[in-house]
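Summary of structural features
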Amino acid sequence: MPITLHTKPFGPIEVDERQILQFPNGLLGFEKYTEYALIEENAESPFKWLQSTKESGLAFILIQPELFLNEYKPIVSDDELKDIGLTHWNEGIIFLIVTIPHDNPRGMTANLQGPVVINAKIAKGKQLISRDENHPIRKKIVEMAEEPASEKV
């Protein structure tokens, strides 16, 4: 059953109800918004949009870390995942929130410290805090993609 969402980046769009995810705790800084749609702009794009179903101006750009990092293993407590039905982070789909500066798209960064984990089986997600000191809030994506494979974290 399609649901119409009003979005800032795309205007009004229809999404399948299977694209709707519940974030029981919201996202960091946006705790009162607990329902989002996962939107794929087009099949070729490495990015997805996490669009609030209640607030058209609230959307996050996401990327899967394996697209530009060799290994990404957040250090999180398995207890933190119980409320979304997972026992370990690697059972879910991992995304990183991307920030793209308007004046310098090549300066886009991914937040390695605050991964978003989704349990697709029950359509629930959660943003976690990685306790790995090597996971910065702003890691440049283009630089990582251009590094030789042996140097990627």
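Structure's up top.
Residues numbered from 1 in each chain as written. Predicted model: local features only at pLDDT ≥ 70, side-chain atom pairs only at ≥ 80, totals over all residues. Heavy atoms only, no water.

So, the overall build of the chain
What the chain contains, in helices and strands, is 1 helix and 11 strands. For the chain, the α and β elements follow one another from N to C terminus as β-β-β-β-β-β-β-β-β-β-β-α. Scaling as 2.2 N^0.38, a compact globule of 153 residues should have a C-alpha radius of gyration of about 15 Å, and the chain matches this with 15 Å. Projected onto the principal axes, the alpha-carbon positions of the chain cover approximately 45 × 40 × 25 Å. Here the chain, with 153 residues, has 43% of them falling under the buried criterion. Contacts in the chain between residues far apart in sequence, at least 24 positions, make up 51% of those at least 6 positions apart. Computing the positive centroid from 16 side-chain charges and the negative centroid from 23, the chain places the two 3 Å apart. (Helix = DSSP H or I, 4+ residues; strand = E, 2+ residues; numbered from the N terminus. Rg over C-alpha atoms; globule rule 2.2 N^0.38 Å. Buried < 20%, exposed > 50% of the residue type's maximum accessible area, 1.4 Å probe, protein only. Contact = heavy atoms within 4.5 Å. Lys, Arg positive; Asp, Glu negative; His and termini not counted. Charge placed at Lys NZ, Arg CZ, Asp CG, Glu CD.)

Structural notes on the pairing of strand β5 (residues 47-52)
β5 sits mainly inside the fold: 6 of its 6 residues count as buried. Here strand β4 (residues 35-40) folds back onto β5 in antiparallel fashion, the turn holding 6 residues. Here β5 runs beside strand β6 (residues 59-63); their pairing, made up of 5 bridges, is antiparallel. Paired with Phe47 across the two strands is Ile63, which belongs to β6. If you look at the hairpin formed by β5 and β6, you'll find 6 residues sitting between the two strands. (Pairing = 2+ DSSP bridges.)

Concerning the environment of Ala123
As for its placement among the helices and strands, Ala123 is situated in the loop between β9 (116-119) and β10 (124-127). We classify Ala123 as partly exposed; its relative accessible area is 21%. Along the backbone, Ala123 and Thr53 are 70 residues apart, and their C-alpha atoms lie at a distance of 14 Å. If near-sequence neighbours (up to four positions away) are discounted, Ala123 is found in contact with Ile20, Leu21 and Gln22.

Topic: the side chain of Thr7
Structurally, Thr7 is set in strand β1 (residues 2-7). Under the relative-accessibility criterion, Thr7 is labelled buried at 7%. For Thr7, the side chain forms a polar contact with the main-chain nitrogen of Phe10, separated by 3.0 Å. Once you skip the residues sitting within four places of it in the chain, Thr7 turns out to touch Ile13, Gln51 and Ser56. (Polar contact = N/O pair within 3.5 Å; in protein donor to acceptor, adjacent residues only side chain to side chain.)

Points about the layout of surface pockets
Roughly 210 Å³ of internal volume is contained in the largest pocket. In terms of lining, the largest pocket is formed by 15 residues, of which the most central are Leu28, Ile97, Asn111, Gln127 and Ile137. For the lining of the largest pocket, the residue count by class is 8 nonpolar, 6 polar and 1 charged. Estimates place the volume of the second largest pocket at around 180 Å³. The wall of the second largest pocket is formed by Ile61, Val98, Thr99, Ile100, Pro101, His102 and Pro105. (1 Å grid on protein atoms, 1.4 Å probe; cavity = no way out; pocket = protein on both sides within 12 Å on 5 of 7 lines; lining within 4 Å. Points joined across faces, edges and corners; volume = space filled by probe spheres on them. Nonpolar A, V, L, I, M, F, W, Y, C, P; charged D, E, K, R; others polar.)

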